[in-house]
Every structure is written in structure tokens, then in C-alpha cells.
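# Residue-level structural notes
Okay, here's what each chain looks like letter by letter:
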Amino acid sequence: MKRHSFLHGLIFCLLFFFYEPWAQAQVHASWNLLENKFTSPEQHSASLSLTNAGEKPIQAGWKLYFNTIFISIFSQSLDPKLQLKHLQGDFFVLEGQTPALDPKKPFSFAYRSRGPFFKNSYAPEALILVHADGKIEEIKHYEVEEISESNLASMATGTPLPVTSSAQRYEQNRAIFPLSEDEIPPYLPSPKEWKYTAAALEMTPSKIVVEGPTEFHAPKEYVEEKLLHGYRVADRAEEDVLRIRLEKVESFGLEAYGIKTVGKEVLIQASSPAGAWFGVNSFLALLPPAVWKEGVSSLILPQVEIHDEPAFGYRGFFLDVARNFQPKEQIFKILELMSFYKLNVFHFNLANDEGWRIEIPGLPELTDFGARRGFSENESEFLYPYYGSGAFPEQSVTGTGFYTVKDFQEILAFAKQRNIEVIPELGVPAHSRAAILAMEKRYQSYASAGKMEEALAYRLADPEDQSKYRSAQNFTGNTVCVCQESTYAFYEKLVVEIGKMYASVGLEGKNWHSGGDEVPKGVWTASPICQEFLAKNPDLSQDELLDYFRLRIGDILTKQGWQMGGWEEIGQSHQGEEVVPNEKLSSQQWKLYAWNAAAGWGGEDMAYRLANAGYPVVICSSANFYFDLANSWDPDDRGHTWSGVVDMYQSWKTVPGKLYLSHDQTLSGDPWNWEDAEEKFTLLTEKGRKNILGVSGQLWTETVKGTEMLENYLFPKMLGYVERAWKGDPEWSRQGTEEEMKESRKEEWNQFVNLVGQKELPRLEKIAGGVSFALPKPGVAIKDDRVMVNSAFPGMDIRYTDSGAEPNANSPIYREPIYYRPGYTPRFKLFLPSGRSGRSAGID
């Protein structure tokens, strides 16, 4: 994984020498919320204060830069001498008649933005002060005033916003109670058929023998390696063998497997290496969690019979590394977890407006420029420091980075061994600003040397284009020119070079994701190149340019042996203001990823409409499977809320075959009526049902800062998705009345959270080197002058303090209701046996 060249290192050293940002850092900052309106006009206002903590005055004429996705680009400074200016994406600058900052004297300014303020993580971040003399200072000492759940509830009074509270969590958790081990499935995703045949057997074998056909060599080696490191073989004279036999059974489905344990004999059956992998991972899931990390000196083997197979052939996980980068080692870890949880498609988003993350031989500018972020006034050498990635490119962990050809080959090989297909996404025509600017750098370099043929070969922009548009993420200049051949030459270059990387590890190009989403309104309308192109092609209209482009890209992919896919938009068209399936293109058989399903927006059945029109469809519902959405409306929970909130329950209760059963309320908090929704829904036809390929969970990374945060966003909420991806529609959705369905749903949910709490969370602490995950706050309520506390996961300790201090691993365990008296301010927190804890909660 390449992060910088010698030249980049030299530039960094020069920046360090001239600016000395750490040695001379002297400004402290604070942010305070002044107003938060949830009723018309919805808006909030806030103040930013700067204090010169140094000994010398800071000269007037400084500028303050910062990042935030969560204020309007039309936000106004409330000081007429100052202007709040939006630059690109989430990057802003405060400029104007900025005053001198005298030592120890705070200076404050206020601004107003459209829309209410929801989350403590939504405040401006990553403040950069550029002094009048050009010195760059990252403001490290920055305090943000936080709002509590009760603050938010008060601010949202009179609106349907489903604000959380300790009491609300308590009521939500009341239906949850502990189950014994024989009442819950042996592991997750729950097998299709399973039964315990006898009591679990504790053993200390002196030898473990794994046998299997040559075809199952990789899974055989895998289970041998895991047991070699996870079990300390007993040292004794008599031979005591644990025998594991992998057997090929032709009658099994492609990904089906069976497990039967009788005493110290384990039989794993499958018809394919993929099924054998699922079988050996499922066998390992039967063993104690410590097998995955520190190892055990004895094995506890449940006596079971299992037959299992997936409901869907496509069980995907999408990861965006363009907006915020993740290192190669973290990708390996994700693939390891995907394999364990039986996901079989890794959809790898490698480029976007905010970054280009893969080396393309012959186009070094893509990574020399597009894979680096830092502070500049004009993005001349690298991209702006989007999402708070820092002022200095070589120090930017999430802003700077890419995968070399060798890195990508290693990722492909790692996935191949685990029967995971890697689908690359290089999205066009929009979401392409990093590539466009990188190719402009290339153009300038060759043009200045007088090599115009090379300069124009892969150019993506029309330099004279005066079209006015702004993308959904507030970028301008982010859409390639579809009317020039160099754009198609560029994309074919990408396809060819990435195809070589696949071939180098013995893989054929199979599925390619072309993006295609969120093309801004107004693109190409004032492009001279497009005007000339349309004049030469009178059969085409301005409105048909997008379909023309998609067909050209599809032809390139077909020529190179790839099947094209893209977000739902590549199979849609407009009838007035209505978005409908594009019947003209359905014969292309492009795979569509149906995502825009916010409850109450009207597109909840788009996946079905596209499938009925003849498109192969993957259900990616933003309202259920977007893991970058916050867990809840608690202001402490990080993440987006544009499509509602998604926790483990929201992803678990999705019904892919009856999506109208997947919601209980709309995005705005109003009730979602199943009967009314079914009447309005386009239901799947027989043809449409066959076109549903499967499901995909997504993690976009605008708000994800690093590897630990990535894991906290995914787990445990992703486990609900894992269950749906493997099992398909839940049993409760097959009941008769709404009342019967909801009662059955409660019972199934209780079984699922027992499985997660008792088995999966302890395993996550060990597997793949240990996974970081978020535990919820406990529920707390006052009933009859007693403080009642409960947990979303049975079997966890609840520890507390009487003083209002944070509970720790030595705090007393809550065992029974506590007498409440006025002024009593206890704090409660969930703990796993390992000592891992969540966030604390008190009395509302």
C-alpha cells in the first residue's frame, strides 16, 4: 500500500519547516448551539469562539476553514463583516474582515443554517486556521457543546421525531428475556434446520485429524490451521482423536452444507468448495470463542445435526474506501468476517469525488493527485481535506492512501480463497471529481511539454463547459463529459488494467459496477463539446445523452468480458417528475442495485418495479441496510439520518419478499400502516421474483474515521443483515394477521438477541484478532418509586454508581430495583464478562 513518493515527502518536509504547525499551535476553539428549531422555518444557529492561547497577538486577516456535511451550503454569518463560504463538498471557509486575536481574549462569531441540528457529531470539525502570513495551524484544542437526549426531546416538542430516552429503551427491552442454550440456534446466521441430539461433549483430544477430498483442500487446510493455533493439544500417552471428515455430496445445493457431530466424530458435507467453507466455519462456530484468539486447552463440542443453505445467491457487502480510506489489512479482516458470516460478494467502491484509491498503470496522476488530501486554497496539488482528514497530506490516515497493483492482487487472492467475489466500482459519469482533476493535472503536464495528443488522450472535462449544477454531496465539476472520445478511452483503460489484475490471480472478469447514481440536474447543458456533438448527431437529444453514455460504457465492459451493473438510476428514466423503470434498456440485463427506499418517500417498492420490468436486482434498501445511518435518534449516536436510522433490529426485521412489512414508521416518525402500504406497493410478479438476485448491506464512509470506527458502525447492527441475507424472509412474515405477525416477530427477535448476546458478541471479541463493536445504553425507568433497569441483550451485567460517576468494571452489579429518592442521579452501563462496556445512561 503506497502512501507517498520521495517528492511528496520532500514537500511535506518543506511544509513542516516553513509552517511548524505543531510548535506554534496557539489557538483554542469552542462551538455552542444557540438555537435549534424543528418547526417551520426549520433551522439552527451556533457560535464558534476562538481564543489566542499564545503570548503574541495573531494578526488580522486570518481565515478559518472547517468541515461539516451537516449545515446548509447557504448558511449565513450573522456578522456582516464576515462571510461563510462553501468551497466544495463538506469544506467551508470563514473569511472577510477577520480581526486581530489578542492573547487570552476570545473572539466569537455566529452563523445560521437551514435545518435542525440532530447529533453531537454534526458540529463543524477539523478546524484549520490560516494566518495572514500563510502559516497553517490545525486547531487541536476544540470543545463542542453537547446536547442530551432530554435536550433534543425538548427542542423537538410537538413534532413526530422519534426521540430516544432511557424510559423508551426500557419499554423497548421489556419483551426481551433470557433463553437457555438449547432454545437458541447454535450460531449465526441461524441454520435452516438444526437440532441438538445430546449434551455437549467436553474433550481434550491428543490428536486432531482432518480428512477430505482434494477438491476441498483449501477449507480443509483452513480448519487445520485454525485448530492448530486455537487448541493446545493434550500431552498424554493414550491416543484420543477428534476426527473431522469433509465429504462431497453431489445432491447438495451449490452453497449448501451439513454438519453432524457424534461423540468425537465430525462429518461436514457439501457439494462444492463454497459449501465446504461454510461447513468448516460453522463447525468452528460451535467451539468456544477463545479458539479464535488466545486458544483453549479443552474443546466443548455440541452434539448437533444441521442442514443449511442460503435463501439468496447474492449476499453482498459494499464498502466505500474513497471518501475515507481503509488500509489493506482492514480489508483482509472484513473479508475474513464476511466469509465467517457467509457473505459471498464484496462490492468495493474504489473512487469517488473525494478520492481515488487504486493504482492504474499508465495513469499515475490518479493516485499522485487523487489519492491525497490536505489543505490548499485551490486543490492544485491534492484534494481538499474532505471529512476532516487533516491539513497535511502525508499525515492524513483517512484522506491519503491507495492500493497498489500488488495490494489489489493480494485482496483478490484472499477473497478468492474464501469464495468471495470482488466487484470493483469505479462510478461514472458523476461522483468523478477526483478523476477529473487528476486528468486535468495530466493534461497540464503534457500540454506544457507540447505533447497535445497525450494531453488529450484521457481528458475527462470540457474546459469551456459553463453548465450550472451541484451534486447531492454539494460538489461542482464532478461529472465527466460524455460527448468526447477521451472519456471512453479513459474508462476502457481502467477496465483493461483492472482486468489484468484479476487475470494475474487466476480470475476472469465477471461483474463490474459502473456507479451511475446521482447525476446532477443541469450537466452538459452549456458544454460546447456536447453542443457540437449533438449537432453532428441529430438523432440524439440533450435528454438522451445519459442513456447514450450508459450504453457506451456497457459496450466497453461487454467487449472486455464484464457484465455491467450500477445503482438503480442506470435502469430508470423520468416521466415528468416521476421516476420509472427504463423499459428501453431492460434487455441489456444490467444488474441494478436498488437503494433509495427511505420510508415515506415513495420509492420503497422501486426494487420490485425494476425487477418486474426485467432487470436483475439486488436489494440494498437505504432504510434497512445502510450501516452508515445512525443506530438511533440519540444525539450521541454517530451517523447519518437522511434515510432514517438503522440498528440491528431495523436490518433484522427486513422482509425482502414483502418490503412493505419492513417498516413500523416513516422517516418523519409517523406510523407506517402495513395494510395501506401493501395496497400502494407494486408487488413482485413471478418474473420479478426470479429477478431478485439477493441483498446487499452498505457502508458509506463520510462519517467513518478509521478502522475502529468502521467496526463500530458495522457491529452488531450488521448481524441483523447477515441473518436476512442467509435466511431470506423471516418466519413471522408468513403469519396471517398483522397482530399475529407482530407477536411472532417479538418471539423471534428475543431468540435472535439471545443468540447475539450469548454467542456472537463474545466471539466478536476474539475472531479476526478481535472486532470493535458498539453496545447500547441500558433502559432505565422509574416505576412505583423504584429505579428499573434492563438490557437489549440478555446475560449482560449492568453495573451502576449512585453518585452520577461513570460505572466501571468494579462498580456494583444491578440485581434488583433500587429505591428512588429526589435528587438521586445513578448511572448504569452494560458490561460483557470480558469487561467491555457500552455508554452509560441515567434517569431521564
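Everything below is about the structure printed above this text.
This is a predicted model, so every value here is computed, not measured. One numbering rule holds for all chains: residues counted from 1, following each sequence as written. Under the rules for a predicted model, residues below a pLDDT of 70 receive no local features and side-chain atom pairs below 80 are neither given nor counted, while totals for whole chains, interfaces and linings still include all residues. To get the side-chain values, all heavy atoms of the structure are used, and hydrogens and water are removed first.

### Digging into the state of the cysteines
- Disulfides are defined as cysteine sulfur pairs within 2.5 Å. For the coordinates displayed, the defined rule picks out one disulfide.
- Here cysteine 483 connects covalently by a disulfide to cysteine 530, the sulfurs 2.2 Å from one another. The sign of the S-S torsion, about 95°, decides the handedness of the disulfide formed by cysteine 483 and cysteine 530: right-handed. Highlighted residues: cysteine 483 in the loop between α10 (452-457) and α11 (485-504) and cysteine 530 in helix α12 (residues 528-536), separated in sequence by 47 residues.
- Exposure categories follow from relative accessible area, calculated using a 1.4 Å probe and restricted to protein chains: below 20% of the type maximum is buried, above 50% is exposed, and the middle band is partly exposed. Overall, cysteine 530 belongs to the buried group, its relative accessible area being 0%.
- Cysteine 481 carries a free sulfur, and the closest cysteine sulfur to it, the one in cysteine 530, is 4.1 Å from it. Going along the chain from the N terminus, every DSSP run of H or I of four or more residues is numbered as a helix, and every run of E of two or more is numbered as a strand.

### Brief notes about the pairing of strand β18 (residues 345-352)
- The element β18 is extensively covered by neighbouring structure, given that eight of its eight residues are classed as buried.
- Across five bridges, strand β17 (residues 314-320) lies against β18 in parallel orientation. Bridged to glycine 316 within β18 is valine 345.
- Each parallel crossover has a hand, and the one from β17 via helix α6 (residues 328-340) to β18 is right-handed.
- A pair of strands counts as paired when DSSP detects no fewer than two bridges linking them. Across six bridges, β18 lies against strand β20 (residues 421-426) in parallel orientation. Bridge pairing in β20 places asparagine 349 opposite glutamate 425.
- The pairing of β18 with strand β19 (residues 355-356) spans two bridges and is classified as antiparallel. In the sheet register, alanine 351 faces β19, and the bridge partner there is tryptophan 356. By the criterion used throughout, a crossover qualifies as right-handed when its path from the first strand across the helix to the second strand runs clockwise, the strands pointing away from the viewer.

### Some words on the pattern of salt bridges
- We count a salt bridge whenever a side-chain nitrogen from Lys or Arg sits within 4 Å of a carboxyl oxygen from Asp or Glu. For the structure shown, the criterion picks out 51 salt bridges.
- In this structure, lysine 135 engages glutamate 137 in a salt bridge whose closest nitrogen and oxygen atoms are separated by 3.9 Å.
- Note on lysine 135: relative accessible area 9%, which makes it buried.
- Under the relative-accessibility criterion, glutamate 137 is labelled buried at 1%.
- Notably, a salt bridge pairs aspartate 240 with lysine 264, separated by 2.6 Å at the nearest N-O pair. Pair noted here: aspartate 240 is in the loop between α4 (217-230) and β13 (241-248) and lysine 264 is in the loop between β14 (257-262) and β15 (265-270), with a separation of 24 residues, a long-range link.

### Some words on the sheet that holds strand β2 (residues 43-52)
- With mixed pairing, five strands are arranged side by side in an open sheet as β4-β7-β2-β1-β10. The open sheet is flanked by β4 (76-77) and β10 (141-144), the only strands paired with a single partner.
- Sheet topology places strand β1 (residues 27-37) next to β2; 10 bridges connect them, and they run antiparallel. When the sheet's bridge partners are listed, tryptophan 31 is paired in β2 with leucine 48.

### Examining the packing of helix α8 (residues 405-417) against α11
- In this description, a line fitted to the C-alpha atoms serves as the axis of each element, helices being fitted only across the stretch in contact, and the angle between N-to-C directions of two axes falls anywhere from 0 to 180 degrees. With their axes 9 Å apart at the nearest point, α8 and α11 run at an angle of 50° to one another. On the basis of the axis angle, α8 is oblique to α11. Crossing of α8 against α11: the hand is right-handed. When α8 is examined against α11, the residues Val405, Phe408, Gln409 and Leu412 are found in contact with a partner set consisting of Ile498, Met501, Tyr502 and Ser504.
- A per-class count over the contact of α8 with α11 returns six nonpolar, two polar and no charged. An angle counts as roughly parallel when it lies under 35 degrees, as roughly antiparallel when it exceeds 145, as roughly perpendicular when it falls between 65 and 115, and as oblique in every other case. Should the near helix be turned anticlockwise from the far one by less than a right angle, the crossing is left-handed, and should it be turned clockwise, the crossing is right-handed. Pairs of residues are marked as contacts when any of their non-hydrogen atoms sit within 4.5 Å. Put simply, Ala, Val, Leu, Ile, Met, Phe, Trp, Tyr, Cys and Pro go in the nonpolar bin, Asp, Glu, Lys and Arg in the charged bin, and everything else, Gly too, in the polar bin.

### Things to note about the nonpolar core
- To form a nonpolar core, buried Ala, Val, Leu, Ile, Met, Phe, Trp, Tyr and Cys residues must be joined to one another through side-chain atoms within 4.5 Å. Counting 193 residues, the largest nonpolar core has Phe283, Phe317 and Phe346 as the members making the most contacts within it.
- When neighbours within four sequence positions are excluded, phenylalanine 317 is seen to be in contact with Ile334, Met338, Leu343, Val345, Phe346, His347, Phe627, Ser696, Gly697, Leu699, Leu714 and Met718.
- Counting residues in each nonpolar core, the second largest holds 37 residues, with Leu33, Ala46, Trp62 and Leu127 among its members.

### Notes on the pairing of strand β29 (residues 786-790)
- Bridge count for strand β28 (residues 779-783) against β29 is five bridges, and the pairing is antiparallel. Across the sheet, the residue bridging to isoleucine 782 is valine 787, located in β29.
- Taken together, β28 and the strand that follows it, β29, pair antiparallel across an intervening segment of two residues, in which aspartate 784 is found at a positive phi of about 50°.
- Relative to strand β31 (residues 818-819), β29 is paired through two bridges, and the arrangement is antiparallel. Bridging from a neighbouring strand, arginine 786 pairs with tyrosine 819 of β31.

### A closer look at the packing of α6 against α8
- Where α6 contacts α8, the two axes come as close as 10 Å, and the packing angle between them is 10°. In this view, α6 runs roughly parallel relative to α8, as classed from their interaxial angle. Between α6 and α8 the crossing geometry is right-handed. Where α6 approaches α8, its residues Lys328, Ile331, Phe332, Leu335 and Glu336 are matched on the opposing element by Asp407, Glu410, Ile411, Phe414 and Ala415.

### Focus: unusual backbone geometry
- Following leucine 188, the chain continues to proline 189 via a peptide bond in cis, the omega torsion being 0°.
- With respect to the helices and strands, the residue proline 189 is situated in the loop between α3 (166-173) and β11 (193-203).
- Cis geometry marks the peptide bond from phenylalanine 715 to proline 716, where omega comes out at 5°.
- Structurally, proline 716 can be placed in the loop between α19 (707-714) and α20 (717-727).
- At asparagine 474, a residue that is not glycine, the phi angle is positive and equals roughly 70°.
- Following the sequence through the fold, asparagine 474 ends up in the loop between α10 and α11.
- Residue asparagine 474 is classed as partly exposed on the basis of its relative accessible area, which comes to 22%.

### As for empty space enclosed by the protein
- Points on a 1 Å grid over protein atoms alone make up a cavity when a 1.4 Å probe fits among them but cannot get out, and a pocket when they form an open set with protein on both sides within 12 Å along at least five of seven lines; lining residues each have an atom within 4 Å of a point. Grid points are joined across faces, edges and corners, and a volume is the space filled by probe spheres set on the points. Going through the model one piece at a time under the given rule, you end up with seven cavities of 30 Å³ or more.
- Put simply, the largest cavity is a space of about 120 Å³.
- Lining the largest cavity are 15 residues, with Phe70, Ser121, Glu125, Thr703 and Lys705 sitting closest to its centre.
- Considering only enclosed or pocket space, the second largest cavity measures out at about 80 Å³ in volume.
- Residue lining of the second largest cavity: 15 residues in total, with Trp356, Gly427, Val428, Ser432 and Ala435 positioned closest to the centre.
- Mapped onto the lining of the second largest cavity, the elements with two or more residues apiece are β18, α9 (433-448) and α11.
- For the lining of the second largest cavity, the element with the most residues is α11, which contributes three residues.
- Its residues assigned to classes, the lining of the second largest cavity comprises 11 nonpolar, four polar and no charged.

### Looking at α11
- Expected span of a helix: the number of residues minus one, times 1.5 Å. The first and last C-alpha atoms of α11 sit 29 Å apart over 20 residues, in line with the 28 Å expected at 1.5 Å per residue.
- Of all the positions in α11, only Ser486, Thr487, Tyr488, Phe490, Tyr491, Lys493, Leu494, Val495, Glu497, Ile498, Met501 and Tyr502 are classed as buried.

### Description of the side chain of serine 298
- Locating serine 298 in the fold gives a position in the loop between α5 (273-285) and β16 (299-308).
- Between N or O atoms, a polar contact is any pair within 3.5 Å; within protein, one atom must be a potential hydrogen donor and the other a potential acceptor, and residues adjacent in sequence are included only when both atoms are from side chains. At 3.3 Å, the side chain of serine 298 forms a polar contact with the side chain of glutamate 202.
- Ignoring sequence-local partners within four residues, the contact set of serine 298 consists of Glu202, Met203, Thr204 and Tyr231.

Just geometry here; none of it tells us what the structure is for.
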